[in-house]
Amino acid sequence: MNWDDTTDDLTAPERLVGASADGEDQAVEAALRPKDLGEFIGQEKVREQLDLVLRAARARGATADHVLLSGAPGLGKTTLSMIIAAEMGAPIRITSGPAIQHAGDLAAILSSLQEGEVLFLDEIHRMSRPAEEMLYMAMEDFRVDVVVGKGPGATAIPLELPPFTLVGATTRAGLLPPPLRDRFGFTAHMEFYAPDELERVIHRSARLLDVEIDTEGAAEIAGRSRGTPRIANRLLRRVRDYAQVKADGVITREVASAALQVYEVDTRGLDRLDRGVLEALLKLFGGGPVGLSTLAVAVGEERETVEEVAEPFLVREGLLARTPRGRIATPAAWAHLGLTPPGAAGRTAGNGQGDLFGA
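Residues numbered from 1 in each chain as written. Predicted model: local features only at pLDDT ≥ 70, side-chain atom pairs only at ≥ 80, totals over all residues. Heavy atoms only, no water.

## Describing the sheet that holds strand E6 (residues 165–170)
Logical step 1: If you walk across this open sheet you meet the 5 strands as E2-E3-E6-E1-E7, and the pairing is parallel. The sheet is open, and its two edges are formed by strand E2 (92–96) and strand E7 (186–189), each paired on a single side. Here the average twist between neighbouring strands, direction ignored, is 15 degrees.
Logical step 2: Judged from the 4 bridges that link them, strand E1 (residues 67–70) and E7 form a sheet pairing that is parallel. (Pairing = 2+ DSSP bridges. Helix = DSSP H or I, 4+ residues; strand = E, 2+ residues; numbered from the N terminus. Axes fitted to C-alpha atoms, helices over the stretch in contact; angles between N-to-C directions.)

Rendered as structure tokens:
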């Protein structure tokens, strides 16, 4: 059960299938987070590699190497940072890139760290450039230069730092400058979860939430969770509410399906916005190609909302493609909405006429 606390994506918190976390999500996640690598579900390669890094550091009696975690929101970057601190028996300090706008902000945090402490820096790619350059020296030499005064009389005072472990998290690893990326001793990319892994996440969450759920009910929720544990747990809570009010409190496949139909989450995890984009693309524009701005107007949303919120999942699911000429629907999109592509209809009609005249 692995989720992140903060993110800078544009997914609106009110979307049931959005990967960002609102206040309710953060409160629930705090109670459901795994405490060690043994409890952490999924990300097998990352867990194995990270376990070696941490065990070797403990055997040497040294602080762990700096760790960079990248991946989409809701996959477990914050959870892993807390597990790293727990495995090393060290306290953890949590902050984020947007909160560090000046080098002085970072210097204040670094100077107050204890030896061996873990500093978790979420959305590290959004940190200001002056703070970023200060971080280079802090990560490599455990030292920062604090500038006192201004102008010709300014003096740089070196400040020694206790050894610490920086855990950086980012949803956009490509935005990190190479000098910063190269200073991390261990880099891991978090992958989307397979349905069977999400089923295990859901069963564990159900036990902790005291919710009765059968195997088929968990599979139904997992199949609509977009490969993201945070979404799986949010859907579980909404299905639990439905089961308590409309059923006997037990989550079966039928109960889960009925509940998610009420919340407008279909069998592939698409919600109202996703289906609106596909329906406009198919019904109004014949499957495309169509420009992004035109498509956004057709669905009554901002261009950025369509591009940053709806499209990534549709592209990942193979329902929509971005081309130089515009957005186009794939055959899978037509099939998912139960529609027939215009070309297919024409070919069918043509074949029928050919058979008739050839008779």
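## Points about the nonpolar core
Logical step 1: Ranked by size, the top nonpolar core spans 47 residues in total, and within it Leu50, Leu80, Ile202, Ile213, Ile221 and Ile251 carry the most contacts.
Logical step 2: When residues of this core are assigned to their parent elements, the largest contribution, 7 residues, is made by helix H9 (residues 229–246).
Logical step 3: With residues near it in sequence (within four places) discarded, isoleucine 251 still touches Val211, Glu212, Ile213, Asp214, Gly217, Ile221, Leu236, Val239, Arg240, Ala243 and Ala256. (Core = buried A, V, L, I, M, F, W, Y, C linked by side-chain atoms within 4.5 Å. Buried < 20%, exposed > 50% of the residue type's maximum accessible area, 1.4 Å probe, protein only. Contact = heavy atoms within 4.5 Å.)

## Concerning H9
Logical step 1: With 18 residues, H9 should cover 26 Å at 1.5 Å per step; its first-to-last C-alpha distance of 25 Å lies within 8% of that length.
Logical step 2: Burial analysis of H9 places 14 of its 18 residues in the buried class, the great majority of the element. (Expected span 1.5 Å × (residues − 1).)

## A few points about the environment of histidine 189
Logical step 1: Mapped onto the elements, histidine 189 comes out in strand E7.
Logical step 2: Residue histidine 189 is classed as partly exposed on the basis of its relative accessible area, which comes to 44%.
Logical step 3: Discounting residues that sit within four places of it in the chain, histidine 189 has contacts with Gln43, Val46, Ser70 and Gly71.
Logical step 4: In this structure the side chain of histidine 189 is engaged in a polar contact, spanning 3.1 Å, whose partner is the side chain of serine 70. (Polar contact = N/O pair within 3.5 Å; in protein donor to acceptor, adjacent residues only side chain to side chain.)

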